Structures are given as structure tokens and as C-alpha cells.
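Summary of structural features
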Amino acid sequence: MFMDQELLLLFDESIQLESNVADSYVMFQYTFPEDADFWKTLIIEERNHAALLKSGKEHFAPVDTFPVDLLSAALKELKDTNTKLVKLISQYQDKSPSREAAFNVALRIEQSAGEIHFQQFMQKKTDSHYAELFQRINGCDKDHEKRIRTYMKNHAIAISKSGS
């Protein structure tokens, strides 16, 4: 059984989202060396999320064995978020953001549809062997938004109204 086209698109956009988020954080890591360790941890976790989704796409077809609720059903929102991230990365390559702006952008990223959906899936109780396997593989790579907020608070970085 082959995956249907919409599911393949959801996989591709979800994988791209995790990669774009990691790319954003790489940019922040180099722009703000004082926060490099923090960003590096998030980069690794975002790349792990992308790898987890790639593995799911490659190895867990047919659809009836893959925990499809791992993927956001909001294809348009995923595409929109990816488009915004690509533009943002390009914009910030030309002119670096302030440290405060970078952290607030990270908060907004983690509040995006795909990232929230991924987090909710990883925290949800499940009876599915495959879903449980994905949750175990993901391990501690959880709750980026909360960790970003805590880091900002501990380092006196203001949260903008759009980041709240």
C-alpha cells in the first residue's frame, strides 16, 4: 500500500519545517555566541525531529502502521510557516536581528502549527506501538517553547507581545 499524495505532502512540509527551524537556530547560534550552547541544543533536537519524520516516511509505510497523528493536518499552515521561515532566514542573513528579536522569533516559531502539533503528539498517551516508539526515540527533545521562555527569563531577555 502506498501513502496517498496529501500524506506525502504533509511529511515533506513537516520535515522541511523542522529543517527550517534548525536553520533559523543555526543562524542565531552564530549571531549570538553568548547563547551558542542553548541554540546548539535546540538545533540538534530540531534536526532529530526532521530525521524522525524522514525515517517514518521511509520505513513505516503503509499508512495504517504509521502514527499519522504525528503530522499536522494543516498543510496550508505548514507551507505558510515554511515560506515565512525561508524569508526570515534570508532577511536575517542580510541584517542580523537583535538578541531579543531572535528569541521572540524562536517563541513564535515554536508556537507555529507544526511545532505545536509535534509537541502535543509527543506528550499524548497512546495505545499505538508505533506512536510509543516515536515518543521514546524523541526522548527529551520536548517543550522548546517552555525552555526558550525560561532561558529568556533567566537572562533578562524581554518577551514581546507577539511572543506571549
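Note: the structure precedes this text.
Analysis parameters
Residues numbered from 1 in each chain as written. Predicted model: local features only at pLDDT ≥ 70, side-chain atom pairs only at ≥ 80, totals over all residues. Heavy atoms only, no water. Helix = DSSP H or I, 4+ residues; strand = E, 2+ residues; numbered from the N terminus. Buried < 20%, exposed > 50% of the residue type's maximum accessible area, 1.4 Å probe, protein only. Areas by Shrake-Rupley, 256 points an atom, 1.4 Å probe, with all protein chains shown as cover. Axes fitted to C-alpha atoms, helices over the stretch in contact; angles between N-to-C directions. Parallel < 35°, antiparallel > 145°, perpendicular 65-115°, else oblique. Left-handed = near helix turned anticlockwise from the far one by under 90°. Contact = heavy atoms within 4.5 Å. Nonpolar A, V, L, I, M, F, W, Y, C, P; charged D, E, K, R; others polar. Core = buried A, V, L, I, M, F, W, Y, C linked by side-chain atoms within 4.5 Å. Salt bridge = Lys/Arg side-chain N within 4 Å of Asp/Glu carboxyl O.

Time to look at the overall build of the protein chain. The number of helices and strands found in the protein chain is seven helices and zero strands. Secondary structure of the protein chain in N-to-C order comes out as α-α-α-α-α-α-α. Counting over 164 residues, the protein chain shows a buried share of 44%. Within the structure as shown, the protein chain displays about 8900 Å² of accessible surface, and the carbon and sulfur contribution to it stands at 53%.

What follows is about unusual backbone geometry. Look at A156: it is not a glycine, yet its phi comes out positive at around 55°. One can find A156 in the segment after α7 (144–154). Take A156: its relative accessible area is 72%, and that puts it in the exposed class.

With their axes 9 Å apart at the nearest point, helix α4 (residues 99–110) and α7 run at an angle of 160° to one another. Taken together, the axes of α4 and α7 are roughly antiparallel relative to one another. The hand of the α4/α7 crossing is left-handed. On α7, the residues that touch R99, F103, N104, A106, L107 and E110 of α4 are H144, E145, I148, R149, Y151 and M152. Counted by class, the contact of α4 with α7 contains six nonpolar, two polar and four charged residues.

Its place among the elements puts F32 in the loop between α1 (5–31) and α2 (36–59). Judged by its relative accessible area of 7%, F32 is buried. For the pair formed by F32 and S98, sequence separation is 66 residues and the distance between their alpha carbons is 9.1 Å. With near-sequence residues (within four places) excluded, F32 lies in contact with P97, S98, R99 and A102.

Counting residues in hydrophobic clusters, the biggest one holds 27 residues, and the most contacted among them are Y25, F28, F38, W39, F103 and I148. Taken together, the elements giving at least two residues each to this core come down to α1, α2, α3 (75–94), α4 and α7. Leave out the neighbours within four places in its chain, and W39 touches Y25, F28, Q29, A102, F103 and A106.

Looking now at the pattern of salt bridges. A side chain of one charge can pair with a side chain of the opposite charge when the charged atoms of the two come close. Summed over all chains, the structure comprises five salt bridges. Notably, a salt bridge pairs E45 with R147, separated by 3.0 Å at the nearest N-O pair. Linking E45 in helix α2 with R147 in helix α7, this pair joins segments that are 102 residues apart in sequence. The salt bridge partner of K76 is D80, with a shortest N-O separation of 2.9 Å. One end of the pair is K76 and the other is D80, both in helix α3 and four residues apart, which spans about a single turn. For D80, a relative accessible area of 32% gives the class partly exposed.

Worth remembering: the numbers are spatial, not functional.
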